[in-house]
Number of protein chains: 2
Amino acid sequence: MKTNFITAFLTLVTLLGYAQSPASYVNPIIGTNEMGHTYPGATVPFGMVQLSPETDTIQYSVGQGYVKDVYRYCAGYQYSDKTIVGFSHTHFSGTGHSDLGDFLMMPTTGKVQLNPGTATHPESGYRSRFSHDTEVAKTGYYSVMLSDYNIKAELTTSSRVGFHRYTFPESDQANIILDMVAGIYNYDGKVVWSSIRVENDTLVTGYRQTQGWARERSMYFAMVFSKPIRNYGCRDEAKLAYSDFYRKFNTTKDFPEMSGRKLKTYFSFDTKAGEQILVKFALSPVSTEGALKNLQAEIPGWNFDQVRQQAENDWNKELSRITIEASDEKKIIFYTAMYHAFLSPTLYMDVDGMYRGLDHNNHKATGFENYTTFSLWDTYRALHPLFTLVQQKRTSDMINSMLAHQQQSVHHILPVWSHHANDNWCMIGYHAVSVIADAYMKGITGFDPAKALNACIASATYAPNDGIGDYMKYGYVPADKSSNAASKTLEYAYDDYCISQMAAKMGKADIAAGYAKRAEAYNYTWDAGTGFMRARKSDGTFQSPFDPLSTERQGFIEGNAWNYSLYVPQDPLKLIALHGGNKKFIAHLDSLFNVKLDEKHFAESEDITAAGLIGNYVHGNEPSHHVPYLYVFAGAPWKTQERIHQIVNTMYRNATDGLCGNDDCGQMSAWYVFSSIGFYPVCPGSNEYVIGSPSVEKATFNFENGKQFTVKATNLNDKNIYIQRILLNGKPLNGYILKHEDIMNGGMLELVMGAKAKK
Amino acid sequence: MKTNFITAFLTLVTLLGYAQSPASYVNPIIGTNEMGHTYPGATVPFGMVQLSPETDTIQYSVGQGYVKDVYRYCAGYQYSDKTIVGFSHTHFSGTGHSDLGDFLMMPTTGKVQLNPGTATHPESGYRSRFSHDTEVAKTGYYSVMLSDYNIKAELTTSSRVGFHRYTFPESDQANIILDMVAGIYNYDGKVVWSSIRVENDTLVTGYRQTQGWARERSMYFAMVFSKPIRNYGCRDEAKLAYSDFYRKFNTTKDFPEMSGRKLKTYFSFDTKAGEQILVKFALSPVSTEGALKNLQAEIPGWNFDQVRQQAENDWNKELSRITIEASDEKKIIFYTAMYHAFLSPTLYMDVDGMYRGLDHNNHKATGFENYTTFSLWDTYRALHPLFTLVQQKRTSDMINSMLAHQQQSVHHILPVWSHHANDNWCMIGYHAVSVIADAYMKGITGFDPAKALNACIASATYAPNDGIGDYMKYGYVPADKSSNAASKTLEYAYDDYCISQMAAKMGKADIAAGYAKRAEAYNYTWDAGTGFMRARKSDGTFQSPFDPLSTERQGFIEGNAWNYSLYVPQDPLKLIALHGGNKKFIAHLDSLFNVKLDEKHFAESEDITAAGLIGNYVHGNEPSHHVPYLYVFAGAPWKTQERIHQIVNTMYRNATDGLCGNDDCGQMSAWYVFSSIGFYPVCPGSNEYVIGSPSVEKATFNFENGKQFTVKATNLNDKNIYIQRILLNGKPLNGYILKHEDIMNGGMLELVMGAKAKK
């Protein structure tokens, strides 16, 4: 079945006239330096394993709060570093916080060292120097020479199983270190327990539980070596309790049960020159038994190259859901953006359907695949809408995953930031509602709408969460009752619009009307006096002092009043009216892009660099992502076209620091995918997209329903950035709004481009 | 079904002429002071829950080793104490180490206090003073007045669910404390993680994982209150990691997810005078879901008295497996001994058959009930042999449990000391082999003999364990290679005899011969020069200096050369020959009982008190348990009769300190049950019992096969302690050996007693 499909697919690729496969354009190194927080390692689309190198392991201290050096290593890797600490099996892509880096493995030779050592003195630990000249990062494959040991490390992966191939020099002391303490966003004591069993001379199983971003997170593994272990051992750097166990056995050498709070282990071998030792490393959210099942199901054999090829095939399959015509450089940026967009959410279940639920019980996913890593405050904007076009089956799975989360939650609410059987509650809003309503409005099936609507309402009415109780009482979140009150009011109002939309379509008029009313809550934050959105207190007055540029203590999160004053996606026309009409609104938008900022502004914000700023427009962070498209609603689409063209071409580059901010689980990249093709979902849940300015010559969506939709940018070049005419299936389109159904029905959108703005 | 059975049983009880049920004689307070280490609380036969008061919670420090105060609280309770700290749900009975005390609950009134306070200043914490005058301890029921709060606490239980009934005074602040840190054999940091979910206003679930005697042990719970919780909260005394969780929520008050390393919680209510709050508290080794299933299956309703009655019925059923005629005082001692014998091993599975395996995966017990708490070094001697008579079905279950353990063990060996999905490796030997072979020899079925024999052999040949590799290499455990070498050699030799017996019966002559050879290893420890068993070094010489009375550094464990020189249960006649024949052997035995010891001897041994000593005979510890019966083999049965009479009547008393040593999971009590009836299994695996001296007038075994076997002590009184004649089914018995089959076939053993020794 699978082979046939791949053959058919490759034939299709040939027929479509590709010289190169989409995967071949992907450059996973993009965004690995500075702010992108992407990782260069091996993974498959939405895979459970993200097998990638760590270039440093920085610890923070409890209570220390934001630590810049820790923040740099959200993905474990910074391109500017000179050493590699090891290869771990779980990574977030593009987050501004982390928790992963599970099961760090490092091949070494010579004396066994069980601490990582320092970047300046790598010889003080197990880490190694490396050169980017030896580094290869491709879809599903990563390779590097570990120069201190003369070991070539290669990584590939299936969905649940990482696959290591280490080519050793001749050595009577070749080691593979497995550091159970190492982790990303680590602190002393984060690992509450870890345990390893050496089942036989090639099979090792284990797990660890951590207390980090996820309050209680367990991950299990099973690993197999291609060669029998000669000897092995461990050190537990935590103190041990009394036990006959430790009296009877030397548990540090060749003893098959190793456990503790700070456990570091090694496995040693003799190697001939050029000898390869392969390690298959399977994960499970449930048990070592589950990990072993995953291992046997996904990589039963030892053919590394075949697994690598399969990973590339998987990527080609997913990436070819949109095929484009553009320059090679643009293809690299585009397909890497698609690649980044297809990394999260991540699969979170064993091959038998078992997964750990939010209630810490094990559950079986029946009728769906269970996903985690929902960074919803980021991804409801463009990533999930992109999935409604090119990952419809997975959208259904993701919604079912969120509904399961809701049912298992003791709060009975949808995820805020779903992370491995936990909610880490990062950021604000109940934006799962947006994802669900958007999918429902677009006719995506495979989940129970009634159950889904109830889950949305439960989330929108859960009083203890983040000011929702006060929001329901006052009609807005009062600034004296809750932090980031203005941002919350605005985002809750948008989410409520989504519920209203969904309820209306389901014929539940009362619910629809109630939430439509709540969706107008943005009015409470509008301060006509200053012309900005502003946090209001429970006595009805606005919070003072007011500084529209400050991001601190103004009632906004990851943005300022300027940014959030443009956030009413559910009703841009009313927003424009609040601002005093088109002219004033356009002037406001213009000044947003044109203002010259003091350096102090945004200095305290994590996710923002100068490269991501145009005036006070902050592309490196999400609240601005729809903003350039708002000109369209004010009757100035050419201004949208200019800005989109500018952002697409300056803020996404084929470079290690090619992302101007955190990729945020694919949201930044999904923005690019939409905007480079020529339209964007300003208001998920509305079934409408706003046409911007294309920067690829042609893009074809190959839908799961078998239809195709092509966006063609006629006469596009560096100067012809303005849309002159819009033809949908050959007929002129009235305005700049594209309906979802027009896309899904298949056909052709032709954007005829020219050098002059069409006013 | 059940009701019918109970009716039939009660009819039977009436027909047999009982004025009182067996359970009514049980006094759980016996052994709760000083060395017995029994607990007074509520439990059912072999139940998973042991719900009992803690009178103190002593912590030890890591690396501190043996701590006398901690040791005193192995069962959580010392009768001499004046305060109760709370009621926890898991206890060992009679052990000399511990690990339990899971989920300590305490009802209080007034200000919420979350630390236990001190015995001298109970008002400094949640504990309360109490008086034994208010204390009731019966089979399946415990009650006490907590005088500091004027709360009556009552406890009962089913197998998996503890049931609390608290009668409160009028209070606007009635609290139930749930201390997730408290435990027996506790130390700072023992709890690696604990987690609680308040599912709704009456249901709470949670779990904790500890690192203690069991290296990694998890226990889950579900509890239901009979009245809605008014408010609740917690304190985590460990530092917390960074998380948005803690930023967004006040997790200490009315927040339904409470977790941490040092978590203490409370649940508060208003109460009227005399208002009862009931709490059902279910355990599970697997999950909170499992605990909830157990709760719903076992105690669906709220009828406390009915559950209490059911527990008593369960006890009556089990205790009436042997019915005796004796004085009330003797009945109290006898039925309490049976009660203690039927507390362990403990059930370790949910109602759906799921349990946590030694590999930390969850397993389903198919075709058997899964048990844990196998203190095999103690219990292979008399407790398991007792079970081969009166718990045949459970014997089969226990063997299947041990075989599952073996299959899940990374060492692939049978349990040494099986404890909640762990082996704590306490003490020496592979005595599971004895339990299995004994049962097999006796025709107990329901397990796979081939699998069982393989498991026995795997255990007997696992080189890394406790000198077994050297034992196989040298023929004995060399003293310079392993501690307690002489004890190990002697006990391994006995276990090997058991394997030999089993293999022979299975027709595996080669295996039988090989292990029969190994069973002679005791010869290596025999030092003809001193006339004692003695540790031999790898060079063949004996270890010096030699002190036959010392229990330290002589190669013996929990005994000295005197005691262990009498340990060749598999061949008493050869042992006697080694000692130089009957006369010398009898003299040796006599001197054992008659020697006057310095105080320094045994001073360093935990499990021994003056009350348990007769000369150098140490009844408080197991290696001596068969010793008084050895006179029979040397042709002096009257000396056995004297000593048995002496021990039975002086070392088992109806008193708080009525046990002269740790009850050791029922071994001490099982010794009493056998010896008071009149025979004892000197060598499990031989299918023979040695006749001693009865101290009850009549005892009838009511077997599972429907047959009955009665031992009648004709003319028994305080002076008539000597057997004059033995009649088996009316015919004279030749000698003092009783065959297992003679018992199981049913019938009558008449022991005609007299005042003069029959020499």
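Given the structure is predicted, the values throughout are model-derived calculations rather than measurements.

(A) The arrangement of unusual backbone geometry in detail. Residue and element names in this part refer to chain A. For the peptide bond that leads from serine 344 to proline 345, omega is -10 degrees, which places it in the cis range. The topology assignment puts proline 345 in the loop between helix H7 (328–341) and strand E21 (346–347). Not every positive phi belongs to a glycine, and asparagine 150 is a case in point at roughly 55 degrees. Along the chain, the position of asparagine 150 falls in the loop between strand E8 (141–146) and strand E9 (151–157). For asparagine 150, a relative accessible area of 46% gives the class partly exposed.

(B) Spotlight on the domain arrangement of chain A. Residue and element names in this part refer to chain A. Assigned domains of chain A: these are domain 1 (1–30 + 326–349 + 577–759) and domain 2 (31–317). Centre-to-centre separation of domain 1 and domain 2, based on C-alpha positions: 36 Å. Between domain 1 and domain 2, the residue contacts involve 39 residues of the former and 38 residues of the latter. Together, the buried faces of domain 1 and domain 2 total about 3,200 Å²; carbon and sulfur atoms form 59% of this surface. On inspection of domain 1 and its partner domain 2, the count reaches 0 salt bridges. At the boundary of domain 1 and domain 2, one finds 19 residue pairs in polar contact (both at pLDDT 80 or more). Among the secondary structure elements, those contributing two or more residues to the side of domain 1 that touches domain 2 are helix H1 (2–15), helix H2 (22–25), H7 and E21. At 4 residues, the largest contribution of residues to the side of domain 1 that touches domain 2 is made by H1. When grouped by side-chain class, the residues that make up the side of domain 1 that touches domain 2 number 22 nonpolar, 11 polar and 6 charged.

(C) Region of the structure containing the packing of aromatic side chains. Considering all chains together, one arrives at 96 aromatic pairs over all chains under this definition. Geometrically, the ring pair formed by tyrosine 629 of chain B and tyrosine 680 of chain B is stacked, given 5.0 Å between the ring centres and 10 degrees between the ring planes. Here tyrosine 629 of chain B is found in the loop between strand E30 (617–618) and helix H20 (630–633), whereas its partner tyrosine 680 of chain B is found in strand E31 (residues 679–680), with 51 residues between them in sequence. With relative accessibility at 0%, the residue tyrosine 629 of chain B sits in the buried group. Taken together, the ring pairs connect Tyr629, Tyr652, Trp671, Tyr672, Phe674, Phe679, Tyr680, Tyr689, Phe701, Phe703 and Phe709 of chain A into an aromatic cluster. Its guanidinium or amino end placed over the ring of tyrosine 440 of chain B, lysine 505 of chain B lies 4.9 Å from that ring's centre, counting from NZ or CZ.

(D) Geometry of the sheet that holds strand E38 (residues 747–754) of chain B. Residue and element names in this part refer to chain B. The 6 strands lie next to each other as E20-E33-E34-E38-E35-E36, forming an open sheet whose pairing is mixed. Looking at which strands have only one partner, the edges of the open sheet turn out to be strand E20 (322–325) and strand E36 (731–732). In this structure, E20 lies alongside strand E33 (residues 698–702), joined through 4 bridges in antiparallel fashion. Directly across from glutamate 325, in E33, lies its bridge partner lysine 698.

(E) Main features of the interface of chain B and chain A. If you look at the interface, chain B gives 60 residues, while chain A gives 60 residues. Carbon and sulfur atoms make up 48% of the surface buried where chain B meets chain A, a total of about 5,100 Å² over both sides. Counting across the chain B and chain A interface gives 2 salt bridges. Two residues, aspartate 466 of chain A and lysine 248 of chain B, come together in a salt bridge whose shortest N-O distance is 3.2 Å.

(F) Layout of the relation of the copies chain B and chain A. The two copies are related by a screw operation: chain B maps onto chain A through 180 degrees of rotation and 0.1 Å of translation along the axis, at an RMSD of 0.0 Å. Within this description, the copies of the chain are treated as partners about a two-fold rotation axis. Of the C-alpha atoms belonging to chain B, the one lying closest to the rotation axis is found on valine 192 of chain B, 2.9 Å away.

(G) Summary view of the packing of helix H11 (residues 432–441) of chain A against helix H14 (residues 485–505) of chain A. Residues and elements named next belong to chain A. Contact geometry of H11 with H14 gives a least axis separation of 9 Å together with a crossing angle of 30 degrees. H14 is crossed by H11, and the crossing has left-handed handedness. Listed contacts from H14 to Val433, Ser434, Ile436, Ala437, Tyr440 and Met441 of H11 are Tyr494, Asp495, Cys498, Ile499, Gln501, Met502 and Lys505. When grouped by side-chain class, the residues that make up the contact of H11 with H14 number 9 nonpolar, 2 polar and 2 charged.

(H) Structural view of the nonpolar core. Core analysis: the largest hydrophobic core is formed by 216 residues, its most contacted members being Phe267, Ile322 and Phe679 of chain B. Among the elements that take part in this core, helix H14 (residues 485–505) of chain B stands out by supplying 11 residues, more than any other. Two domains share this core, each providing at least three of its residues, namely domain 1 (1–30 + 326–349 + 577–759) and domain 2 (31–317) of chain B. Contact partners of phenylalanine 267 of chain B, with chain neighbours within four places excluded, come to Ala174, Asn175, Ile176, Leu178, Val198, Val204, Met223, Phe225, Ile229, Asn231, Tyr232 and Met258 of chain B. One finds Ala337, Val632, Ala634 and Ala713 of chain A within the second-largest nonpolar core, a separate group that totals 213 residues.

(I) Expanded view of the environment of threonine 32 of chain A. All names here are of chain A. Examined against the element boundaries, threonine 32 turns out to sit in the loop between H2 and strand E1 (52–54). Taking the C-alpha atoms as reference points, threonine 32 and threonine 700, 668 residues apart in sequence, are found 29 Å from one another. In this structure the side chain of threonine 32 is engaged in a polar contact, spanning 2.7 Å, whose partner is the backbone oxygen of isoleucine 29.

(J) Highlighting the sheet that holds strand E17 (residues 257–260) of chain B. All names here are of chain B. Strand order in the open sheet formed by 9 strands is E7-E8-E9-E10-E19-E15-E14-E13-E17, with antiparallel pairing between adjacent strands. For this open sheet the edge positions go to strand E7 (136–138) and E17, each flanked by a neighbour on one side alone. Pairwise comparison of adjacent strand axes, ignoring direction, gives a mean angle of 15 degrees for this sheet. Relative to strand E19 (residues 276–284), strand E15 (residues 217–225) runs antiparallel, the two being bridged by 6 bridges. Note that in E19 the partner of tyrosine 220 across the bridge is serine 284. In the packing of helix H5 (residues 288–298) onto the sheet, the strands contacted are strand E10 (161–167), strand E14 (203–210), E15 and E19, and the crossing angle to E15 comes to about 45 degrees.

Criteria and thresholds
- Residues numbered from 1 in each chain as written.
- Chains lettered and ligands numbered in written order.
- Predicted model: local features only at pLDDT ≥ 70, side-chain atom pairs only at ≥ 80, totals over all residues.
- Heavy atoms only, no water.
- Helix = DSSP H or I, 4+ residues; strand = E, 2+ residues; numbered from the N terminus.
- Buried < 20%, exposed > 50% of the residue type's maximum accessible area, 1.4 Å probe, protein only.
- Domains from an automatic or database assignment.
- Contact = heavy atoms within 4.5 Å.
- Buried area = accessible area lost by both parts, 1.4 Å probe.
- Salt bridge = Lys/Arg side-chain N within 4 Å of Asp/Glu carboxyl O.
- Polar contact = N/O pair within 3.5 Å; in protein donor to acceptor, adjacent residues only side chain to side chain.
- Nonpolar A, V, L, I, M, F, W, Y, C, P; charged D, E, K, R; others polar.
- Phe/Tyr/Trp six-rings, centres within 6.5 Å; stacked < 30°, edge-to-face > 60°.
- Lys NZ or Arg CZ within 6 Å of the ring centre and 35° of its normal.
- Pairing = 2+ DSSP bridges.
- Least-squares fit on C-alpha atoms with pLDDT ≥ 70 in both.
- Axes fitted to C-alpha atoms, helices over the stretch in contact; angles between N-to-C directions.
- Left-handed = near helix turned anticlockwise from the far one by under 90°.
- Core = buried A, V, L, I, M, F, W, Y, C linked by side-chain atoms within 4.5 Å.

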